[in-house]
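Survey of secondary and tertiary structure
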Amino acid sequence: MKVTVKLLALVALATVIAGCQTVPPTDFTVQDVGMVDNRKDAELRSLTVGFAPQAQQDDMDADSTVPGLWKEALQDAVNRSLVFRDDVDTKVNLSVRITEFDVPAAGVSMTTTVAAIYEIIDRSNGDLLFTQKIRSEGVVPFDYAFMGVVRATESWNRAVRNNIADFINVLDQADLSTPAFEGEADA
């Protein structure tokens, strides 16, 4: 009888604790973006984010809201980093193709892995000025929250934030003056 009362009290306490937690919103916005050291002599004219073709995908557990949220967060990070200049001759497009969005099904510590291919293309001639596949993780330990769905959602947020921050850091050091692949100029 004593064990049953203790068990019921423990279940009631766990329910109260779990009931006090709310699932965080899906928010990929990187909070600590500062101005880059090496601004690019290119003006960003277009930014797109979508899923890579099926043949390029690894584990994909994302829903259709992910590209739009990723794009908003990436646009914010690009704007705050001041990586691109305005009113310069070179106009570029930034294209992001999500290749992996592997979310945890269960676990004590929740880890989400994401990967995306970032490409910067010169609009005047189609030159591929930058291409990089960036892979990142978001890890949330058990002590972050009792409810698994809270830890899982926060791991998604952290994984994408880390991916965007890594892109800004890699782009800061990149040289856009030499094409990785030459396009075909209008004849």
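Presented here is a report on the structure given in the accompanying data block.

About the criteria used
Residues numbered from 1 in each chain as written. Predicted model: local features only at pLDDT ≥ 70, side-chain atom pairs only at ≥ 80, totals over all residues. Heavy atoms only, no water. Patch = residues over 30% accessible without salt bridge, like charges linked within 9 Å, V, L, I, M, F, W, Y side chains within 5 Å. Areas by Shrake-Rupley, 256 points an atom, 1.4 Å probe, with all protein chains shown as cover. Salt bridge = Lys/Arg side-chain N within 4 Å of Asp/Glu carboxyl O. Helix = DSSP H or I, 4+ residues; strand = E, 2+ residues; numbered from the N terminus. Buried < 20%, exposed > 50% of the residue type's maximum accessible area, 1.4 Å probe, protein only. Axes fitted to C-alpha atoms, helices over the stretch in contact; angles between N-to-C directions. Left-handed = near helix turned anticlockwise from the far one by under 90°. Contact = heavy atoms within 4.5 Å. Nonpolar A, V, L, I, M, F, W, Y, C, P; charged D, E, K, R; others polar. Pairing = 2+ DSSP bridges.

With that settled, consider a nonpolar patch on the surface. Taken together, the side chains of Val108, Phe142 and Phe146 define a hydrophobic patch exposed on the protein surface, amounting to about 300 Å² of accessible area. Here Val108 shows up in the loop between strand E2 (91–102) and strand E3 (110–122).

A few words on the pattern of salt bridges. With the rule as written, the count across this model stands at 8 salt bridges. A salt bridge links Arg85 to Asp41; the shortest N-O distance between them is 3.0 Å. Pair noted here: Arg85 is in the loop between helix H2 (66–81) and E2 and Asp41 is in the loop between helix H1 (2–19) and strand E1 (43–51), with a separation of 44 residues, a long-range link. With a shortest N-O distance of 2.8 Å, Arg80 and Asp76 are connected by a salt bridge. Pair noted here: Arg80 and Asp76 are both in helix H2, with a separation of 4 residues, about one helical turn. Note on Arg80: relative accessible area 31%, which makes it partly exposed.

On to the packing of H2 against helix H3 (residues 148–173). Where H2 contacts H3, the axes come no closer than 10 Å and their chain directions differ by 35°. Crossing handedness for the pair H2 and H3: right-handed. Touching Trp70, Ala73, Leu74, Ala77, Val78 and Ser81 of H2 are Val160, Asn163, Ile164, Phe167 and Ile168, all from H3. In terms of residue class, the contact of H2 with H3 is made up of 9 nonpolar, 2 polar and no charged.

Further remarks concern the pairing of strand E4 (residues 128–140). Looking at chain direction, E3 and E4 are connected through 12 bridges and run antiparallel. Residue pairing for E4: Thr111 is matched across the bridge by Val139. The antiparallel pairing of E3 with E4 creates a hairpin that spans 5 residues between the two strands, and Gly126 there sits at a positive phi of about 85°.

Read these as layout, nothing more, since geometry by itself doesn't imply function.
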